[in-house]
Amino acid sequence: MPETTTPATELTSQYAAQVTGDLERNVKEQERITADIASLQQQLAALQHDHSVLVNMRQALGITDAPAEPAAESESAAVPSPRKKASARGGKQRAAKSAAAPQKAAAKKPAAKAEGATKAAQPTLVELIRRHLAESTEPRSAAEISTALGQAHPERQISTKVVRVTLEGLVAKSQAERSKQGKSVFYTAPTPEPADVPKAEAQSDEAAGQQG
């Protein structure tokens with residue numbers, strides 16, 4: 001009896017050691033994958049944040065067309081063309097081309113309508129900032145402008161950084177004026193130039209010429 005019991009005990013201990021080792025490796029692998037998932041989620045959140053910032057900056061620069069979407073549409077539209085050339089011959093090839101032309105035209109029309117509706121419905125960030133400066137009676141900082149526009153347009157993600165970049169662009173184009181009060185920077189609408197002064201000078205010159 002002791003001779004048969006000893007090998008069975010050794011076999012059981014070997015299996016137990018193997019199962020314990022496999023269990024530890026399983027737990028470590030779960031921890032590694034969990035850490036990888038958390039890292040990927042952080043990267044995804046950062047990319048989504050950068051995407052929203054870039055979209056706002058594109059709107060601030062007055063760019064309304066998205067270059068990535070037409071490229072994707074052109075690629076999807078270009079995929080079936082090699083298959084048609086490879087499989088269609090003679091009349092079938094001509095029929096495929098004539099059928100593809102209305103489909104492309106129909107695909108472009110809804111996209112153009114949607115783009116036109118988007119442009120008409122949503123003014124650009126540049127227009128919003130210029131309108132806000134024109135309506136303000138006091139100098140406004142970039143933070144104040146972004147807060148006011150964010151309250152007026154909660155559906156749009158307007159950040160102070162994008163507003164500041166847009167304001168500097170308007171200043172460079174003489175469409176806004178910048179002033180400093182201590183360490184703070186404030187912006188105002190451009191001061192209209194007096195238009196009557198050149199006319200008055202011209203009239204006085206004409207009167208002097210007539211008298212002479």
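Throughout this document, residue positions are counted from 1 along each chain, in the order its sequence is written. Given that this is a predicted model, residues contribute local features only at a pLDDT of at least 70 and side-chain atom pairs are listed and counted only at 80 or more, while totals for whole chains, interfaces and linings are drawn from all residues. Note that water and hydrogens are dropped before the side-chain values are worked out from all heavy atoms of the structure.

Regarding the pairing of strand β2 (residues 184-188)
Inspection of the sheet shows strand β1 (residues 177-181) paired to β2 by five bridges, in the antiparallel sense. Note on β2: the bridge partner recorded for K180 is V185. Linking β1 to β2, which pair antiparallel, is a turn of two residues; within it G182 sits at a positive phi near 75°. Strand pairing is assigned whenever DSSP identifies at least 2 bridges connecting the two strands. Helical segments are the DSSP runs of H or I of at least four residues, strand segments are the runs of E of at least two, and each set is numbered from the N terminus.

A look at the pattern of salt bridges
For this analysis, a salt bridge means a side-chain nitrogen from Lys or Arg found within 4 Å of a carboxyl oxygen belonging to Asp or Glu. Applying the stated rule across the entire model yields four salt bridges. Between D22 and R25 there is a salt bridge, and its shortest N-O distance comes to 2.1 Å. Taken together, the positions of D22 and R25, both in helix α1 (residues 2-60) and three residues apart, correspond to about one turn of that helix. Here the salt bridges share partners, and the residues they tie into one network are E29, R32 and D36.

With respect to helix α5 (residues 125-135)
Burial in α5 covers these residues: L125, V126, L128, I129, H132 and L133. Buried residues of α5 fall within an arc of 165° about the axis and therefore sit on the same side. Exposed residues pointing more than 90 degrees away from the buried face of α5 are listed as A134 and E135. Think of it in three bands: with a 1.4 Å probe and only protein chains considered, a residue is buried below 20% of the maximum accessible area for its type, exposed above 50%, and partly exposed in between. Think of it as the arc spanned by the lines of direction from the helix axis to the C-beta atoms.

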